[in-house]
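# Coordinate inspection notes
The lines below spell out each chain.
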Amino acid sequence: MSLTDRSKEFFAALRKLCDEQSGPVHYEAVARAVGVSKWTAYDMLRKLAADGLVRVEYILNRESRTPGRSMVVFCPRYPGDLSDGPSGRKPESEGGGGRLVFSDELHTLKRRLLNYLSELPSLAAQEFWDSFMERLDEAKGPAAFCGYMVVLLLACARFLGGDNFSAVMQLTRTTVDAHSALTLFSGAIIGMLLVRVPESTGITSKIADYLRRFQGHVDSLDGQERAVLLEFVREMASVT
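Here, residues in each chain are numbered from 1, in the same order as that chain's written sequence. Only residues with pLDDT of at least 70 get local features here, since the model is predicted, and only at 80 or more are side-chain atom pairs given and counted; chain-wide, interface and lining totals rely on the full set of residues. In computing side-chain values, all of the structure's heavy atoms are included and hydrogens and water are not.

Right, let's talk about the overall build of the chain for a bit. By definition, any uninterrupted DSSP run of H or I lasting at least four residues is a helix, any uninterrupted run of E lasting at least two residues is a strand, and each is numbered from the N terminus. Along the chain, the regular secondary structure elements total 10 helices and 3 strands. Secondary structure elements of the chain occur, N-terminal to C-terminal, as α-β-α-α-β-β-α-α-α-α-α-α-α. Contact criterion: two residues are considered in contact whenever any of their non-hydrogen atoms come within 4.5 Å of each other. For the chain, restricting intrachain contacts to residue pairs at least 6 apart in sequence, the fraction spanning at least 24 positions comes to 66%. Carbon and sulfur atoms make up 52% of the accessible area of the chain, which amounts to about 12,000 Å² in all. Note that accessible areas follow from Shrake-Rupley with a 1.4 Å probe, and for residues the cover is restricted to the protein chains shown.

Below, the discussion takes up helix 6 (residues 141-160). Because an α-helix completes one turn every 3.6 residues, residues spaced three or four positions apart along the sequence face the same direction. Over its 20 residues, helix 6 extends 29 Å from the first C-alpha to the last, a length consistent with the 28 Å expected when each residue adds 1.5 Å. Note on classification: 1.4 Å probe, protein chains only; a residue is buried when its accessible area is under 20% of the maximum for its type, exposed when over 50%, partly exposed between these limits. Burial analysis of helix 6 places 16 of its 20 residues in the buried class, which makes it a mostly covered element. With its phi angle positive at about 75°, Gly161 sits one or two positions after the end of helix 6. Expected helix span is given by 1.5 Å per residue-to-residue step, counting one fewer step than there are residues.

Salt bridge, as used here: a side-chain nitrogen of Lys or Arg that lies within 4 Å of a carboxyl oxygen of Asp or Glu. Overall, the coordinates contain 6 salt bridges when judged by the stated rule. For the salt bridge of Glu9 with Arg6, the shortest nitrogen-to-oxygen distance reads 2.9 Å. You can see Glu9 and its partner Arg6 sitting in helix 1 (residues 5-21), 3 residues apart, about one turn around the helix. Note on Glu9: relative accessible area 35%, which makes it partly exposed. For Arg6, a relative accessible area of 36% puts it in the partly exposed group. Among the ionic pairs, Lys110 bridges to Glu235, the shortest N-O distance being 2.6 Å. Of this pair, Lys110 sits in helix 4 (residues 98-118) while Glu235 sits in helix 10 (residues 223-239), and the two are 125 residues apart along the sequence. Judged by its relative accessible area of 10%, Lys110 falls in the buried class.

The subject of this paragraph is the packing of helix 6 against helix 10. Two elements in contact, helix 6 and helix 10, have axes separated by 10 Å at closest approach and are oriented at 40°. Taken together, helix 6 and helix 10 sit at an angle that is classed as oblique. Crossing angle aside, the handedness with which helix 6 passes helix 10 is right-handed. Across from Cys146, Gly147, Val150, Val151 and Leu154 in helix 6, the residues of helix 10 making contact are Leu229, Phe232, Val233, Met236 and Ala237. Broken down by class, the residue content of the contact of helix 6 with helix 10 amounts to 9 nonpolar, 1 polar and no charged. For helices, the fitted line uses only the C-alpha atoms of the stretch in contact; every axis is such a line through C-alpha atoms, and the angle between N-to-C directions lies from 0 to 180 degrees. Angles are sorted into four bins: roughly parallel if under 35 degrees, roughly antiparallel if over 145, roughly perpendicular if 65 to 115, and oblique for all others. For any helix crossing, the convention is left-handed if the near helix is rotated counterclockwise from the far helix by under a right angle, and right-handed if that rotation is clockwise. Three residue categories are used. Nonpolar comprises Ala, Val, Leu, Ile, Met, Phe, Trp, Tyr, Cys and Pro, charged comprises Asp, Glu, Lys and Arg, and polar comprises the others, including Gly.

Contact pair helix 1 / helix 3 (residues 38-50): the axes reach a minimum separation of 10 Å and the direction vectors enclose 95°. Classed by the angle they form, the pair helix 1 and helix 3 counts as roughly perpendicular. Here helix 1 contributes Arg6, Ser7, Phe10, Phe11 and Leu14 to the contact with helix 3, which in turn contributes Thr40, Ala41, Met44, Leu45 and Leu48. When its residues are assigned to classes, the contact of helix 1 with helix 3 shows 7 nonpolar, 2 polar and 1 charged.

Here we take up the packing of aromatic side chains. Aromatic rings in a pair are described by how distant their centres are and how their planes are angled relative to each other. Side-chain rings of Phe, Tyr and Trp (the six-membered ring for Trp) are treated as a pair once their centres are within 6.5 Å; stacked means planes under 30 degrees apart, edge-to-face means over 60, and tilted covers the remaining angles. In total, this model carries 6 aromatic pairs according to the counting rule given. Centroid distance Tyr42 to Phe74: 6.1 Å. Interplanar angle 80°. Geometry classified as edge-to-face. In this pair, Tyr42 is assigned in helix 3 and Phe74 in strand 3 (residues 70-76), connecting sequence segments 32 residues apart. Overall, Tyr42 belongs to the buried group, its relative accessible area being 6%. Relative accessible area serves as the criterion here: at 0%, Phe74 is assigned to the buried category. Connected via pairs of aromatic rings, a cluster forms that spans Tyr27, Trp39, Tyr42 and Phe74.

Take a look at the structure:
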């Protein structure tokens, strides 16, 4: 496989860091080594992973203040390297593996959704709500639906005002497991909406339907996919 000079630079930096640490490293370490933003490093390492040159793993972040929070790490593949990584942890499955597909889909959506969030200050609540109802109705698959639903929920929390947003995000930081955190996140915001939105608007049945679908997807995800989704919630919340 032919690599560009830029790809070779990232791969060499990753290999050097992994050799020094005797294990996979976070993409921020690669970003510092190459001198780029963390998202540029993440994008390039994901591309190398898609080309089969890099392994992607999720491990427990023991330095995090949030119990059970995981982080994504990378390490190079070597000839004949087809199973566990140097750390002894199973990598994400390749090809049709669910974890890699789910996390990559969310990452692909991220920039588009960030653009929607940046438009929040200039939009009326009803205008934003109408726009996202259409997108949710058209969403295909759990990653797309959950991604749009997360942004809709965060936007609604902002539109509700007061201390609602910070209170909800505090719930996601203090809850031990990702499944409970995601359930509390969606349930708390939906509950506040149902109290504030008049039944005459006809929105309440839609809200209930979206919540059932979101919770159904959360229930069907595996533990690492839930961790990815919760991390996505926190990243989106940091720019909302």
